[in-house]
Amino acid sequence: MKRRSFLRNTGLTGAGLFVGFSLTQCKVDEVPGIINLLKTNIDNEAIGLALNNYLNIDPSGLITIMAHKPEMGQGTFHSIPLILAEELDVDPDGISIKIAKGDEERYGPQGVGGSGSVRDMWMPLRNLGASARHMLRQAAANTWGIDIKDTSTDNGFVIGKEGVKLSYGDLVEKAKDIEVPETIELKAISEFKYIGKSKKRTDINSKVNGSANFGIDMRVEGMVYASIVHCPGWKGTVKSIDDADTRKIAGVTDVVKTVRPLFKNTQEAVAVIADTYWAALQGARALKVSWEDNKHAISTEDIFKTMHSKTKEDGMLDKENGQFETAFAKSDTPFEATYETPFLSHSPIEPMGCLADVKGDKAEVWATTQTPGWCKGEMAKMLEIKPENITINIPFLGGAFGRRLIHGPILQACDLSKKIGKPVRVLWTREEDTMNGPFRPGSVNALRGTLSAEGKIDSLEHKVVTPSIGHALFGRDASTKVPGSAMAPLHEYYTIPNYRSKYVFMDVDPMPLLWWRSVYSSTNVFAHESFIDELAVAAKKDPMDFRLDLLEDDERKHKLLKTLRQRSDWDKALPEGWGKGVAISHCFQATAAHVVYISKTGTGVKIEKIHTAVDCGIAVNENNIIAQAEGCIVMGLTAAYKDAMIVKDGVTQNSNFHNYRMLRINEIPELDIFVMKNEESPVGAGEPGLPPVAPALTNAIFNLTGNRIRKLPFELDKVGVIG
Amino acid sequence: MGQIKLSINGKSYTIDADESMPLLWAVRDFVGLTGSKFGCGIAQCGACTMHMDGEPIRSCSVPLASAKGKKITTIEGIGTEDKLHAVQEAWIEEQVPQCGYCQSGQIMSAVALLKTHASPTDEQIDEAMQGNICRCGTYDRIRKAIKRAAVG
Ligand code: FES
Ligand code: FES
């Protein structure tokens, strides 16, 4: 394809990214059957010669870079290829970006989580881009008989003496065999042309016209649909199935026992198979299953009662510096407070599902996974086939937030496809996902501390009482060993002379738990930043000054907070009836802080404005970092004052968006987000903005109303009344 | 089962399906237009928003029986091959989508709003867009994009 026509084809329709769903295959004005006969697939074949595992250049000039990290909204489909393109010296707008298959032998780790994609791939991809550029320059130098030093590059061309130039396409044939020296020259940061420029994301065009393919959109010939009935209660087996009514529904072909793979809490489930999703769903609704061993008395109310009483336990020491016990005992006016955060559901907007085609010793899936490598391993184990016989196609993920780190629906689809010998599309209802979890762990945090005569923190203890995700999933020991991640990010914060952190394990088996956007930082930071605020108030200090003082030794965080202070007009007098709050946190190596302004309305408060500063090193795509901060704010506010997951007698009470409510457009305050400029190595932006949202808001509520919120979620329209 | 005639994006289709089947599944699984999404199935999230005789509807909760003889428009039907709808263009300018899954529904709600209110106020935007959830949190950009499309 000519470069120009390629550009035209990818311009606004997004057609270049995918083999789309062609309407011509639909029988207009005829009687269309069920459309299962179309081979809609993701085009992930790169054209041209490979200069490395991520980069192909076609002699026609078309440059293809593989996006090897699953795209779930975080923007890696664009930002990851952008890093390679920068060092290769091509404008990412003029190239083809393709979604890679799950193939860690070829691409290395493909998992997306812990805000790690840009952080981990920054140097490898720069090196790959730079080495390819070296190969192309050397090929040109050889052609012209000049030294490589006398060549330069510009957007897909090598330039020689007196302006002669050859395109990368012209050179690729020769370049592919050129040796790469051990040390490759990288661009200086000041030479970057595309990084840091807020480029438009290349996946967005296809996301405004319905052409982007998500997991739910994948189809293959002969595919059938499965709707699943899970055992309520996260454990148990099928005792008996009455499918008489189910089988009366036209289109239903099978009722099959299957599993809900969830590591140590794998349970049984039943699938209704039909030739349309609607028939499968109706069939599942008509199915009567009785279960065995699924009853237990887990309730979130009891869990929180137990966790509160566990704050009195000594717990396990995590970290200590100075002498907490001695320092704490010195003071006559110690401060203590306990904070509570709920269990939550991830609820990505695309429901759980997968399309799987298992044939003999081969399997192919179209899977919305955050962890393609892990997924392949789990599939190989379950199907007892070789990993090299497994193909993992990764369409766009309709949100994830950690929910797609594990592979329940994918393995379920594989199990069903193997059992019935056809490609199977599994699609859970919203209710099946919301009710069955896994959830973000709830927590109770108990903090104690003292102030010195000068009003500085002299001692502080942060005790975390929470279940362990590692225990919930894999049965890892958390009663004699502190699960490190459960303490994040408490050690990367303030300098406090006599500090210690402790962990108390809470067993909630069989309730399944999972990493949720920003993981334990989302719960621990609420407690920590609230307590710091309480101490600031007790010390009669401005909460901003108080924090800046604590961050004196940490230049980057100090600078960030000072910038935010200025941008948010923190020191200006507040309008009548307004309050303000601040909170900061460090999460997955990035820092974010918010200032929240609120005003009084009736019995509650209204959020007027949120100012945010984010430091994640070099901004690969600044506009996307801002977008991620916006997402963190919305998700953080939702977690602060919408619904908790409530479980009674082993059954989840929330089921869909009417009782697990989301923030909506009418609740969004004015946002002002600022990305710090520096030349530090970039780290990810998907999570750091979330943890400080809730405490910045509740600190503002205290500032305005004197009402100290220590339990999430709360009701925004009632917090104005104390008592 | 019955032969149900539907008009979608100006073309007519006859579908052999149960009248109780929601329009969403007929459009996705029979007609093959997959831009409209399933998010909740109970008219709570707006991912499935289409237009029926110009009015925004939640197609997951509209049975085929009610869609018969009506003009249905989906996300695939608002622009043309060569020219996007002004709302879609504004969505690109403001770089609205993150995961993108909710955005077909968001755009369909916004297009319907701008048909009745050429320059909507914030309150009118809130009112019209409240039924569309974006779990990724793109609301601020949605508001800006609607204002941009209204001007442009
Ligand atoms: S899927 Fe129709 S409103 Fe949610
Ligand atoms: S963009 Fe992901 S839910 Fe809206």
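Since the structure is predicted, the reported quantities are computational estimates derived from the model, not experimental observations. (Residues numbered from 1 in each chain as written. Chains lettered and ligands numbered in written order. Predicted model: local features only at pLDDT ≥ 70, side-chain atom pairs only at ≥ 80, totals over all residues. Heavy atoms only, no water.)

Caption draft 1: Region of the structure containing the domain arrangement of chain A. All names here are of chain A. According to the domain assignment, chain A contains domain 1 (49-207), domain 2 (215-295 + 352-427) and domain 3 (311-343 + 440-718). The distance between the C-alpha centroids of domain 1 and domain 3 comes to 39 Å. Facing the 21 residues of domain 1 at the interface are 19 residues of domain 3. Regarding the contact of domain 1 and domain 3, the summed buried area is about 1500 Å², with carbon and sulfur atoms giving 55% of it. Put simply, domain 1 and domain 3 have zero salt bridges between them. The interface formed by domain 1 and domain 3 contains eleven residue pairs in polar contact (both at pLDDT 80 or more). Considering every element that reaches the side of domain 1 that touches domain 3, the biggest residue donor is helix 2 (residues 76-88), with four residues. Within the side of domain 1 that touches domain 3, the residues separate by chemical class into seven nonpolar, ten polar and four charged. (Domains from an automatic or database assignment. Contact = heavy atoms within 4.5 Å. Buried area = accessible area lost by both parts, 1.4 Å probe. Salt bridge = Lys/Arg side-chain N within 4 Å of Asp/Glu carboxyl O. Polar contact = N/O pair within 3.5 Å; in protein donor to acceptor, adjacent residues only side chain to side chain. Helix = DSSP H or I, 4+ residues; strand = E, 2+ residues; numbered from the N terminus. Nonpolar A, V, L, I, M, F, W, Y, C, P; charged D, E, K, R; others polar.)

Caption draft 2: Geometry of the nonpolar core. Counting 279 residues, the largest nonpolar core has A:Met379, A:Met511, A:Leu697, A:Phe714 and B:Trp91 as its most contacted members. Ranked by residue count, the leading element in this core is helix 17 (residues 622-641) of chain A, at eleven residues. Every residue in contact with A:Met379, bar those within four places of it in the chain, is listed here: A:Ala363, A:Val365, A:Glu384, A:Ile390, A:Ile392, A:Ile410, A:Leu411 and A:Cys414. (Core = buried A, V, L, I, M, F, W, Y, C linked by side-chain atoms within 4.5 Å. Buried < 20%, exposed > 50% of the residue type's maximum accessible area, 1.4 Å probe, protein only.)

Caption draft 3: Structural view of the sheet that holds strand 24 (residues 578-587) of chain A. All names here are of chain A. Taken together, the four strands give an open sheet; going across it, the order is 24-25-26-29, and neighbouring strands pair in mixed fashion. One side of each edge strand has no neighbouring strand; the edge strands of this open sheet are strand 24 and strand 29 (670-675). Ignoring strand direction, the axes of neighbouring strands in this sheet form an average angle of 15°. Strand direction decides the pairing type here: strand 26 (residues 604-615) and strand 29, joined by six bridges, are parallel. Bridging from a neighbouring strand, valine 614 pairs with valine 675 of strand 29. (Pairing = 2+ DSSP bridges. Axes fitted to C-alpha atoms, helices over the stretch in contact; angles between N-to-C directions.)

Caption draft 4: Layout of the packing of helix 5 (residues 122-129) of chain B against helix 6 (residues 139-151) of chain B. All names here are of chain B. Look at helix 5 against helix 6: their axes get within 11 Å of each other, and the N-to-C directions meet at 115°. Remark: the crossing between helix 5 and helix 6 carries right-handed chirality. Taken together, the residues of helix 6 that come into contact with helix 5 (itself represented by Asp122, Ile125, Asp126 and Met129) are Ile142, Arg143, Ile146 and Lys147. (Left-handed = near helix turned anticlockwise from the far one by under 90°.)

Caption draft 5: Seen up close, the pattern of salt bridges. Residues and elements named next belong to chain A. Applying the stated criterion across every chain yields a total of 64 salt bridges over all chains. A salt bridge links aspartate 91 to lysine 199, with the shortest nitrogen-to-oxygen separation between them at 3.0 Å. In this pair, aspartate 91 is assigned in the loop between helix 2 and strand 4 (96-99) and lysine 199 in the loop between helix 5 (168-175) and strand 8 (224-230), connecting sequence segments 108 residues apart. Of the two residues, aspartate 91 and lysine 199, neither departs from the other in class, the shared state being buried. Between glutamate 715 and lysine 718 there is a salt bridge whose closest N-O contact spans 2.9 Å. Here glutamate 715 falls in the partly exposed class, since its relative accessible area comes to 46%.

Caption draft 6: Spatial organisation of the environment of B:Glu123. Looking at the secondary structure, you find B:Glu123 in helix 5. Between the C-alpha atoms of B:Glu123 and B:Gln44, which are 79 residues apart in sequence, the distance is 20 Å.

Caption draft 7: Up close: the sheet that holds strand 17 (residues 362-367) of chain A. All names here are of chain A. Read across the open sheet, the seven strands follow the order 10-11-8-19-16-17-18; overall the sheet is mixed. Sheet topology places strand 10 (252-260) and strand 18 (390-393) at the edges, where each strand pairs with a single neighbour. Shown here is a sheet whose adjacent strand axes are inclined to one another by a mean of 25°, direction ignored. As paired elements, strand 8 and strand 11 (residues 267-274) share six bridges and run antiparallel to each other. Counterpart to valine 229 in the pairing with strand 11 is valine 270. Each of strand 16 (353-359), strand 17 and strand 18 touches helix 10 (residues 372-383); the most contacted strand, strand 18, lies at about 140° to it.

Caption draft 8: Expanded view of the confidence of the model for chain A. Counting all residues, the mean pLDDT for chain A is 91, and 93% of those residues have values of 70 or more. Taken as a whole, residues 1-41 of chain A scores under 50 in pLDDT and shows 101 contacts with residues more than four places along the chain or in a different chain. (pLDDT = per-residue confidence, 0-100.)

Caption draft 9: The arrangement of the environment of A:Leu551 in detail. Within the secondary structure layout, A:Leu551 lies in the loop between helix 15 (543-550) and helix 16 (555-567). Apart from residues lying up to four places away in sequence, A:Leu551 is in contact with A:Tyr493, A:Tyr494, A:Lys557, A:His558, A:Leu561 and A:Ile584.

Caption draft 10: Spatial organisation of the pairing of strand 4 of chain A. Residues and elements named next belong to chain A. Here strand 4 shows a buried face lined by Ser96 and Lys98 and a second buried face lined by Ile97 and Ile99. Where strand 3 (residues 63-67) lies against strand 4, four bridges are found, and the strand directions are parallel. Following the sheet pairing, threonine 64 is matched in strand 4 by serine 96. The parallel pair strand 3 and strand 4 is bridged by helix 2, and the resulting crossover is right-handed. (Right-handed = clockwise from strand over helix to strand, strands pointing away.)

Caption draft 11: Examining the interface of chain B and chain A more closely. Listed by partner, the interface residues are 60 residues for chain B and 76 residues for chain A. Together, the buried faces of chain B and chain A total about 5700 Å²; carbon and sulfur atoms form 59% of this surface. Area buried by chain B at its contact with chain A is led by B:Gln98, B:Arg135 and B:Tyr139, which between them contribute 15% of it. For the interface between chain B and chain A, the tally reads five salt bridges. One salt bridge in this structure joins B:Glu93 and A:Lys200, with 3.3 Å as the shortest N-O distance.

Caption draft 12: Local environment of the side chain of A:Asp357. Residue and element names in this part refer to chain A. Structurally, aspartate 357 can be placed in strand 16. What makes aspartate 357 buried here is its relative accessible area of 14%. Here the side chain of aspartate 357 touches lysine 359 through a polar contact of 2.9 Å, side chain to side chain.

Caption draft 13: A look at the packing of helix 2 of chain A against helix 4 (residues 117-144) of chain A. Residue and element names in this part refer to chain A. It is the contact of helix 2 with helix 4, at a shortest axis distance of 6 Å, that shows an interaxial angle of 35°. In terms of crossing hand, the pair formed by helix 2 and helix 4 is right-handed. Every residue of helix 4 that contacts helix 2 at Thr76, Ser79, Ile80, Ile83, Leu84, Glu87 and Leu88 is listed here: Ser117, Val118, Met121, Trp122, Leu125, Arg126, Leu128, Gly129, Ala130, Ala132, Arg133 and Leu136. The class makeup of the residues in the contact of helix 2 with helix 4 is twelve nonpolar, four polar and three charged.

Caption draft 14: The packing of aromatic side chains, seen in detail. All names here are of chain A. Considering all chains together, one arrives at 18 aromatic pairs over all chains under this definition. With centroids separated by 5.5 Å and ring planes inclined at 65°, the aromatic side chains of tyrosine 54 and tyrosine 107 adopt a geometry described as edge-to-face. One end of the pair, tyrosine 54, is in the loop between strand 1 (49-52) and strand 2 (55-57); the other, tyrosine 107, is in helix 3 (residues 104-107), with 53 residues separating them in the sequence. Across the pair, tyrosine 107 and tyrosine 54 agree in class, each one buried. Relative to phenylalanine 714, the ring of tyrosine 641 has its centre 6.3 Å away and its plane inclined at 40°; by these criteria the two rings are tilted. Of this pair, tyrosine 641 sits in helix 17 while phenylalanine 714 sits in the segment after helix 18 (693-705), and the two are 73 residues apart along the sequence. Each member of the pair, tyrosine 641 as well as phenylalanine 714, carries the same accessibility label: buried. (Phe/Tyr/Trp six-rings, centres within 6.5 Å; stacked < 30°, edge-to-face > 60°.)

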